[in-house]
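# Residue-level structural notes
Chain by chain, the residues:
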Amino acid sequence: MLQLDRLEVSGRINRLMYSRKVLLLLAVCGSLITAVVAVWIYRIESRALSQQFYEQVEDRALSLARELDAGVEALYTLGEVIRFVDSLPALVFDDVAEATLVRNPGLLAFEWLPRVGAGQLQAYEAQQQRYHAGFKVQHFAPDGEGVILAPRDLPEYFPVTYVTPLNGNESALGADFLSEGERRNALLQAWHSGEFSLSSPLKLLQMESGARGALLVLPVYFGRPTSQAERQQALKGFVVAAVDMRRVVSRIVANNTIDASYYMRIEDVTAGTKPVPLYVRGARANHLEQYVELATFGGRTLRVTMAPNAVQYWLNSVYFPMVVAFAGGLMVLLVCGYLYLLQRRGMVIGEHVRRQTQALREANFRLETLSVTDPLTGLSNRRAFDDYLDQEWQRAVRDKTPLSILLVDVDHFKKINDQYGHPAGDACLRELAQRLREHFKRPADRVVRFGGEEFAVVMPGTDPRAMTQADRFREVMEKTPIKLTESESIVVTISAGLATVVPDAGLTPRDLIKFADEAMYQAKRGGRNRIECYSGQDAHELA
């Protein structure tokens, strides 16, 4: 009877599986699965395309940074030439500037702006008129499109004396950079910092009306002043490079294949200022825009924003999902079966990979533990000591807190080995390690085997009481013999050096180790069984 019931149930199942309703249900389910898979793939493709495009934006930003860095290197080269020439001939300036412009097509021109005092103005203009008829120091017009004659009663001027190439840039000769706000700001920033500065986007005399560029400004001094006051007195003038961002971008495009339909914008987004575009190309697509901000460059922050062609981006993101959906519609049952088998296989492989990964993690953990643990004492070894000291050093620098190291050495350890044997010496080291662990038991204290019979204790956030704690440990060792056997024990004393510093920019963790080591050797020279504390250049005994 039971067998008949089973046969009947089996027959019903077979008939049900072949019924039209079930086939329709499977088709609907398969179509839904195909649609879900297509949507899922669409999202993955969209994320992948977005990430790929972001990497392109990042690559363009890095290329821009390299081009600007090349311009700065050229600026410094020209500045060094001027610094070492007492009287700079125009021919020398032109030769060096022209050679530099050939290597840096993104630069429009180089200019030399000497410092001219009010009392020197008339003689300066007369000297320049020998080379350029009608030369006068001029101020930039309020609209930035031209120049006007400069007032004669200003305390000092920084006029354009040399400009390379001269052809097409004649209007820049004599223009005083202190007369215009953005140029003046760039000069003052470079003057006060002693480093190059980048101006905010502005209208350049070398560019057509409406176009914007930027200026790289480098101060040139007599000698090498180190303070702001010295730089104020020693300023010789400024070397200025005019940057055409369109040329820079053309080099980026030449070096990196880029779709001409991409939207691209380079703008100055320095904090505290309104974003100002340096370069814009293409039509905006706000929902697809991605940007990368360059590190602060010459006191300014530049942002590169790009967006792909919206239609092409959409076609790229839906192409593969549409193929999947079309194939799924034609072969829904095959796709469903394949996805099921693929899922099963993926689960098996995933589980296998998970188990292997877990085993690998456990093995790596054991290996890592062994690599930073001393096998004799169970303490951390020198490698772990270096890592922990570097970590606590950075914390102490950040928090401005003291950091101490205690270096401990076993007195006459060789005699112990010679008299009692190496097993006894090992037992002494193990007992000493255990006592150090029990004595220095703050959570942040780290006891390590430094090497041989030397141990170290890293004590973050300590104060002068650390010396008292160290000396109490010395007394414990002196008064508590170490048992070698049931009937034999020995008294083991230690010599130790303590060093405490509040880390600053002039010190390194290696200096702290050196201080503690010097204090420890001072303790040995002082008769052993003592603690010395390093202070300044000498160690002094506190116990």
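The structure contained in this document is the topic of the report that follows. None of the values given here were measured: they were computed from a predicted structure.

### Structural notes on the overall build of the protein chain
Scanning the protein chain from N- to C-terminus turns up 14 helices and 22 strands. Counting every position in the protein chain, which comprises 543 residues, the buried fraction comes to 43%. On the protein chain, roughly 29900 Å² of surface is accessible, and the fraction owed to carbon and sulfur atoms is 56%.

### Let's talk about the pattern of salt bridges
What the rule picks out here adds up to 23 salt bridges. Salt-bridge contacts for Asp 244 lead to Arg 246; the nearest nitrogen and oxygen are separated by 3.2 Å. Note on Asp 244: relative accessible area 4%, which makes it buried. Between Asp 386 and Arg 510 there is a salt bridge, with its nearest N and O atoms 3.8 Å apart.

### Observations concerning the pairing of strand 10 (residues 235-243)
Regular strands place their side chains on alternate faces of the sheet. Strand 10 sits mainly inside the fold: nine of its nine residues count as buried. Bridge count for strand 1 (residues 107-114) against strand 10 is seven bridges, and the pairing is antiparallel. Residue Pro 114 lies in a different strand from strand 10, and its bridge partner there is Gly 237.

### As for the nonpolar core
Judged by nonpolar contacts, the single largest core of 42 residues is most densely connected at Leu 64, Phe 93, Phe 110, Leu 216, Met 245 and Ile 266. Setting aside residues up to four positions removed in sequence, Phe 93 forms contacts with Leu 78, Ile 82, Leu 88, Phe 110, Glu 111, Trp 112, Tyr 162, Val 163 and Thr 164.

### Here we look at the side chain of Arg 474
Relative to the assigned elements, Arg 474 resides in helix 13 (residues 465-479). Among the residues examined, Arg 474 registers a relative accessible area of 10% and is labelled buried.

### Re the pairing of strand 11 (residues 263-268)
Within strand 11, six of the six residues are buried, which leaves the element mostly enclosed by the surrounding structure. Burial of the side chains of strand 11 extends over both faces: Tyr 263, Arg 265 and Glu 267 are buried on one face and Met 264, Ile 266 and Asp 268 on the other. In the sheet, strand 11 pairs with strand 14 (residues 302-307) via six bridges, with the strands oriented antiparallel. Within strand 14, the position partnered with Glu 267 by the bridge is Arg 303. As judged from the five bridges shared by strand 11 and strand 12 (residues 276-281), these two strands associate in the antiparallel manner. Directly across from Arg 265, in strand 12, lies its bridge partner Val 280.

### A short note on the sheet that holds strand 13 (residues 290-293)
Read across the sheet, four strands follow the order 12-11-14-13 without closing on themselves; strand pairing throughout is antiparallel. Looking along the sheet, the strands with just one partner apiece sit at the ends: strand 12 and strand 13. On average, adjacent strands in this sheet sit at an angle of 15 degrees to one another, irrespective of strand direction.

### With respect to helix 5 (residues 181-193)
With 13 residues, helix 5 should cover 18 Å at 1.5 Å per step; its first-to-last C-alpha distance of 18 Å lies within 8% of that length. Taken together, the buried positions of helix 5 are Arg 183, Ala 186, Leu 187, Ala 190 and Trp 191. Along the long axis of helix 5, the arc covered by the buried residues comes to 130 degrees, so they all point the same way. One side-chain oxygen at the N-terminal end of helix 5 lies 3.3 Å from the backbone nitrogen of Glu 182; it belongs to Glu 180.

### Here's the deal with the packing of helix 12 (residues 422-439) against helix 13
Running from N to C, helix 12 and helix 13 cross one another at 140 degrees; their axes reach a closest spacing of 11 Å. On the basis of their axis angle, the class for helix 12 and helix 13 is oblique. Helix-helix and strand crossings are classified by hand; for helix 12 and helix 13 the assignment is right-handed. Between helix 12, through Leu 432, Arg 435, Leu 436 and His 439, and helix 13, the contact on the second element is made entirely by Gln 469, Arg 472, Phe 473, Val 476 and Met 477. Here the contact of helix 12 with helix 13 is built from residues that sort into five nonpolar, two polar and two charged.

### As for the side chain of Thr 301
Within the secondary structure, Thr 301 sits in the loop between strand 13 and strand 14. For Thr 301, a relative accessible area of 15% corresponds to the buried category. Setting aside residues up to four positions removed in sequence, Thr 301 forms contacts with Glu 267, Asp 268, Val 269, Thr 270, Glu 293, Leu 294 and Thr 296.

### Some words on the sheet that holds strand 9 (residues 214-221)
Taken together, the five strands give an open sheet; going across it, the order is 6-1-10-9-8, and neighbouring strands pair in antiparallel fashion. Here the strands that pair on one side only, and so sit at the sheet edges, are strand 6 (162-164) and strand 8 (197-198). Sheet topology places strand 1 next to strand 6; three bridges connect them, and they run antiparallel. Each residue of the ladder has a partner; that of Trp 112, found in strand 6, is Tyr 162.

Cut-off values and rules
Residues numbered from 1 in each chain as written. Predicted model: local features only at pLDDT ≥ 70, side-chain atom pairs only at ≥ 80, totals over all residues. Heavy atoms only, no water. Helix = DSSP H or I, 4+ residues; strand = E, 2+ residues; numbered from the N terminus. Buried < 20%, exposed > 50% of the residue type's maximum accessible area, 1.4 Å probe, protein only. Areas by Shrake-Rupley, 256 points an atom, 1.4 Å probe, with all protein chains shown as cover. Salt bridge = Lys/Arg side-chain N within 4 Å of Asp/Glu carboxyl O. Pairing = 2+ DSSP bridges. Core = buried A, V, L, I, M, F, W, Y, C linked by side-chain atoms within 4.5 Å. Contact = heavy atoms within 4.5 Å. Axes fitted to C-alpha atoms, helices over the stretch in contact; angles between N-to-C directions. Expected span 1.5 Å × (residues − 1). Arc of directions from axis to C-beta. Polar contact = N/O pair within 3.5 Å; in protein donor to acceptor, adjacent residues only side chain to side chain. Parallel < 35°, antiparallel > 145°, perpendicular 65-115°, else oblique. Left-handed = near helix turned anticlockwise from the far one by under 90°. Nonpolar A, V, L, I, M, F, W, Y, C, P; charged D, E, K, R; others polar.

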